[in-house]
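Commentary on secondary and tertiary structure
Read off the chains here:
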Amino acid sequence: MVTIRDVAKQSGFSSTTVSIVLNNAPLARYIPAATKKKIERAAQKLGYRPNQFARSLRSKRSHTVGVMIFDMTDPYCTLVLRGIENTLYQASFLPILTDVHNERSRFERYLEMLLDRRIEALIVLANWLFLDINLLGDLEKSSIPTAMIGCELETDSISSVIVDNEIGGRIALEHLYSLGHRKIALIRGPKALTDSLPRWRGIRKCARACGLELDPRLILDLPESRDPMSSFEAGQKLTEDLIRQKRPFTALLAFDDLSAFGAIRALNKAGIRVPEQCSVIGFDDVAPSAFYTPSLTTVRQPMEAMGASAVGIVVDGINAMLEKRDVSATHRKVAPELVVRESTRRLP
């Protein structure tokens, strides 16, 4: 590893002078331009790179942001992470990524390790992580700008970015209703999941506004699970149950894309063609939705934009701390978007 002393020897100047120039210290303005040029040329020739750890100790800045993911296997995370990474890169911050596997002990240990590495902010991609545990105290104790994606906590110190689930539920049902469907099966989310209630509230409001009666026999709930991939199997099983019980329906509104995929699998196995005999709509717009057969009509969460928004919030918080000004938590609710593909069609 090339050091300051190596550059000093190559350039013929003292280590102190070289350090002042290469670290752009305040005294550098008194050093002649020719001297600076010789030192910089020597550093470039030797391939010198500054010791970022040493710099962070001096400046008390690490230019790193901790990113904690509830479960890396969830396809929901992929686009959110892309938005986080791209925006941190543009802001010259390095992400330190951790996957907490939905375990409180792992979350607490990773949080401790991230704080030991002097991260300047924290972004938590929540959702399933906060089903039955309250980590509010752990986050507030960190005293650094923190933003959560997918979950809103009632606090003035932790920011949040969530999708407007109520609007999402409404536009999903509106789409099926506009296609002439009246016998609509519904797969709701797990009751403990924060997205489930507002999404169901949007569906009910839309039904009342349209004068649509929702058949309680066609309303099923995904079981509680911390495995995000479980909704595929659950969606398939719940749809198979509906088919076996011979409860007729012409459309199915699933809680998320994975449960919609499972529903389509069950319908196909039963010889029910999608969308000719049954329309199916999901929620999220995960990457496979566009490539599934048939391609899935869904309600898109602007996941990259949500990741970018969370970065914007914590970077503003970092700047506020550097400028010694107060900043309060920011709570943003972004609008979802209907994406119409091949899995829905007008009722004949």
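Calculation criteria
Residues numbered from 1 in each chain as written. Predicted model: local features only at pLDDT ≥ 70, side-chain atom pairs only at ≥ 80, totals over all residues. Heavy atoms only, no water. Helix = DSSP H or I, 4+ residues; strand = E, 2+ residues; numbered from the N terminus. Rg over C-alpha atoms; globule rule 2.2 N^0.38 Å. Buried < 20%, exposed > 50% of the residue type's maximum accessible area, 1.4 Å probe, protein only. Contact = heavy atoms within 4.5 Å. Lys, Arg positive; Asp, Glu negative; His and termini not counted. Charge placed at Lys NZ, Arg CZ, Asp CG, Glu CD. Pairing = 2+ DSSP bridges. Core = buried A, V, L, I, M, F, W, Y, C linked by side-chain atoms within 4.5 Å. Salt bridge = Lys/Arg side-chain N within 4 Å of Asp/Glu carboxyl O. Polar contact = N/O pair within 3.5 Å; in protein donor to acceptor, adjacent residues only side chain to side chain. Axes fitted to C-alpha atoms, helices over the stretch in contact; angles between N-to-C directions. Parallel < 35°, antiparallel > 145°, perpendicular 65-115°, else oblique. Left-handed = near helix turned anticlockwise from the far one by under 90°. Nonpolar A, V, L, I, M, F, W, Y, C, P; charged D, E, K, R; others polar.

**Looking at the overall build of the protein chain**
Helices and strands together make up the secondary structure of the protein chain, namely twelve helices and twelve strands. Computed over the C-alpha atoms, the radius of gyration of the protein chain is 26 Å, more than 25% above the 20 Å expected from 2.2 N^0.38 for a compact globule of 348 residues. C-alpha extents for the protein chain along the principal axes are approximately 90 × 40 × 35 Å. Split into buried and exposed, the 348 residues of the protein chain put 51% on the buried side. Residue pairs in contact within the protein chain that sit at least 24 positions apart in sequence constitute 75% of those at least 6 positions apart. Put simply, the protein chain has 47 plus and 40 minus side-chain charges, and the middle of one group is 6 Å from the middle of the other.

**Considering the pairing of strand β4 (residues 146-149)**
On β4, burial covers both faces: Thr146 and Met148 on one face and Ala147 and Ile149 on the other are all buried. Pairing analysis gives four bridges linking strand β3 (residues 121-125) to β4, with the strands arranged parallel. Opposite leucine 125, over in β4, you have isoleucine 149 as the bridge partner. By the bridge criterion, three bridges tie β4 to strand β5 (residues 159-163) in an arrangement that is parallel. Paired with isoleucine 149 across the strands is valine 161, a residue of β5.

**Quick word on the environment of valine 327**
As for its position among the elements, valine 327 is in the loop between α12 (303-322) and β11 (331-334). Counting along the chain gives 182 residues from valine 327 to proline 145, while the straight-line C-alpha distance between them is 9.3 Å. Excluding anything up to four places from it in sequence, valine 327 contacts Gly317 and Ala320.

**Topic: the nonpolar core**
Within the largest apolar cluster, 27 residues are counted, with the highest numbers of intra-cluster contacts made by Tyr76, Ile84, Ile123, Leu125 and Ile149. Of all the secondary structure elements, the ones that give two or more residues to this core are β1 (64-69), α5 (76-90), β3, β4, β5 and α12. If one sorts the elements of this core by residue count, α12 sits on top with eight residues. Apart from the residues within four sequence positions on either side, isoleucine 84 is in contact with Val67, Ile123, Ile149, Gly307, Ala308 and Val311. Of all hydrophobic cores here, the second largest spans 25 residues; its members include Leu218, Leu258, Val286 and Leu296.

**Here we look at the side chain of aspartate 257**
Topologically, aspartate 257 is positioned in helix α11 (residues 257-269). Here aspartate 257 occupies a buried position and makes no salt bridge, while the nearest side chain of opposite charge, arginine 341, is found at 6.4 Å. Among the polar contacts listed, one links the side chain of aspartate 257 to the side chain of threonine 298, at a separation of 2.6 Å. Every residue in contact with aspartate 257, bar those within four places of it in the chain, is listed here: Gly282, Phe283, Asp284, Asp285, Val286, Ser289, Leu296 and Thr298.

**Brief notes about the packing of helix α8 (residues 165-178) against helix α9 (residues 196-210)**
Two elements in contact, α8 and α9, have axes separated by 6 Å at closest approach and are oriented at 40 degrees. Here α8 is positioned oblique relative to α9, judged by the angle of their axes. Crossing of α8 over α9 shows right-handed handedness. Residues Asn165, Glu166, Gly169, Arg170, Leu173, Glu174 and Tyr177 of α8 touch α9, and the partners they reach there are Pro198, Arg199, Arg201, Gly202, Ile203, Lys205, Cys206, Ala207 and Cys210. A class-by-class count of the residues in the contact of α8 with α9 yields seven nonpolar, three polar and six charged.

**Overview of the sheet that holds β5**
Hydrogen bonds between backbone groups are what pair the strands of a sheet, and the pairing can be parallel or antiparallel. In spatial order, the strands read β2-β1-β3-β4-β5-β11; together these six strands make up an open sheet with parallel pairing. Looking along the sheet, the strands with just one partner apiece sit at the ends: β2 (94-99) and β11. Direction aside, neighbouring strands of the sheet carry axes that sit 15 degrees apart on average.

**Some words on helix α2 (residues 15-22)**
The periodicity of an α-helix, 3.6 residues per turn, causes residues three or four places apart in sequence to face the same way. Among all positions in α2, only Val18, Ile20, Val21 and Leu22 are buried. Asparagine 24 occupies a position one or two residues after α2 and carries a positive phi of about 50 degrees.

This is a description of form; function is not addressed.
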